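# Architecture and fold: a report
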Amino acid sequence: TEEELETQHKRKEFIYIQKSAIELATEKGIKAGFEKGKLKGKLEGKLEGKLEGKLEGKLETAQMMKKNGEAIDKISLYTGLSIAEIEQIT
């Protein structure tokens, strides 16, 4: 009957709207996740760079102190490097 056809049409329309809403929400979620991951990667990269730079500075300082004949325990105290790390510096 015409009433059944109208009901089927409304049901299909409802399903289409729901499906579209789910697809849109999924796209937004994926985009948000991507942006969050990108930001996290940038922050981790910056932090890693800073830590590497600090270590490099400590190693350079320790190398200069060692060349100038400073005691290893003093170098360790000033740089925060372990005695084993200082002993490996040439």
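Everything below is about the structure printed above this text.
## Examining helix α1 (residues 2-67)
A rise of 1.5 Å per residue sets the reference length of α1, with its 66 residues, at 98 Å; its end C-alpha atoms lie 97 Å apart and thus fit the reference within 8%. Gly-69 occupies a position one or two residues after α1 and carries a positive phi of about 85°.

## Thoughts on a negative patch on the surface
The grouping of Glu-48, Glu-52, Glu-56 and Glu-60 at the surface amounts to a negative patch. Relative to the helices and strands, Glu-60 resides in helix α1. Judged by relative accessible area, Glu-60 falls into the partly exposed class, the value being 45%.

## Let's talk about the nonpolar core
Judged by nonpolar contacts, Ala-62, Met-65, Ile-75, Leu-81, Ile-86 and Ile-89 together constitute the single largest core of six residues. In contact with Ala-62, other than residues within four places in its own chain, are Ile-75, Thr-79, Leu-81 and Ile-89.

## A word on the side chain of Thr-79
Along the chain, Thr-79 turns up in helix α2 (residues 72-79). Accessibility expressed as a relative area gives 6% for Thr-79, which makes it buried. One polar contact links the side chain of Thr-79 to the main-chain carbonyl oxygen of Ile-75, over a distance of 2.7 Å. For Thr-79, the side chain forms a polar contact with the main-chain nitrogen of Leu-81, separated by 3.2 Å. Apart from residues no more than four positions distant in its own chain, Thr-79 is found in contact with Lys-58, Thr-61, Ala-62, Met-65 and Ile-86.

## Some words on the packing of α1 against α2
The geometry of α1 relative to α2 is characterised by a closest axis approach of 10 Å and an angle of 155° between their N-to-C directions. When the axis of α1 is compared with that of α2, the two are roughly antiparallel. The handedness of the crossing between α1 and α2 comes out as right-handed. The segment α1 lies against α2, with Lys-58, Thr-61, Ala-62, Met-65 and Lys-66 engaging Lys-74, Ile-75, Tyr-78 and Thr-79.

## Focus: α2
Listed in full, the buried residues belonging to α2 are Ile-75, Ser-76 and Thr-79. Around the axis of α2, the buried residues are gathered within 100° of arc, so they sit on the same side. Turned more than 90 degrees off the buried face of α2, the exposed positions are Asp-73, Leu-77 and Tyr-78. Against α1 and α3 (83-87) lie the buried residues of α2. Trailing α2 by a residue or two, Gly-80 shows a phi angle of about 85°, which is positive.

Criteria and cut-off values
- Residues numbered from 1 in each chain as written.
- Predicted model: local features only at pLDDT ≥ 70, side-chain atom pairs only at ≥ 80, totals over all residues.
- Heavy atoms only, no water.
- Helix = DSSP H or I, 4+ residues; strand = E, 2+ residues; numbered from the N terminus.
- Expected span 1.5 Å × (residues − 1).
- Patch = residues over 30% accessible without salt bridge, like charges linked within 9 Å, V, L, I, M, F, W, Y side chains within 5 Å.
- Areas by Shrake-Rupley, 256 points an atom, 1.4 Å probe, with all protein chains shown as cover.
- Salt bridge = Lys/Arg side-chain N within 4 Å of Asp/Glu carboxyl O.
- Lys, Arg positive; Asp, Glu negative; His and termini not counted.
- Charge placed at Lys NZ, Arg CZ, Asp CG, Glu CD.
- Buried < 20%, exposed > 50% of the residue type's maximum accessible area, 1.4 Å probe, protein only.
- Core = buried A, V, L, I, M, F, W, Y, C linked by side-chain atoms within 4.5 Å.
- Contact = heavy atoms within 4.5 Å.
- Polar contact = N/O pair within 3.5 Å; in protein donor to acceptor, adjacent residues only side chain to side chain.
- Axes fitted to C-alpha atoms, helices over the stretch in contact; angles between N-to-C directions.
- Parallel < 35°, antiparallel > 145°, perpendicular 65-115°, else oblique.
- Left-handed = near helix turned anticlockwise from the far one by under 90°.
- Arc of directions from axis to C-beta.

In short, the description is geometric, and any link to function would need to be established separately.
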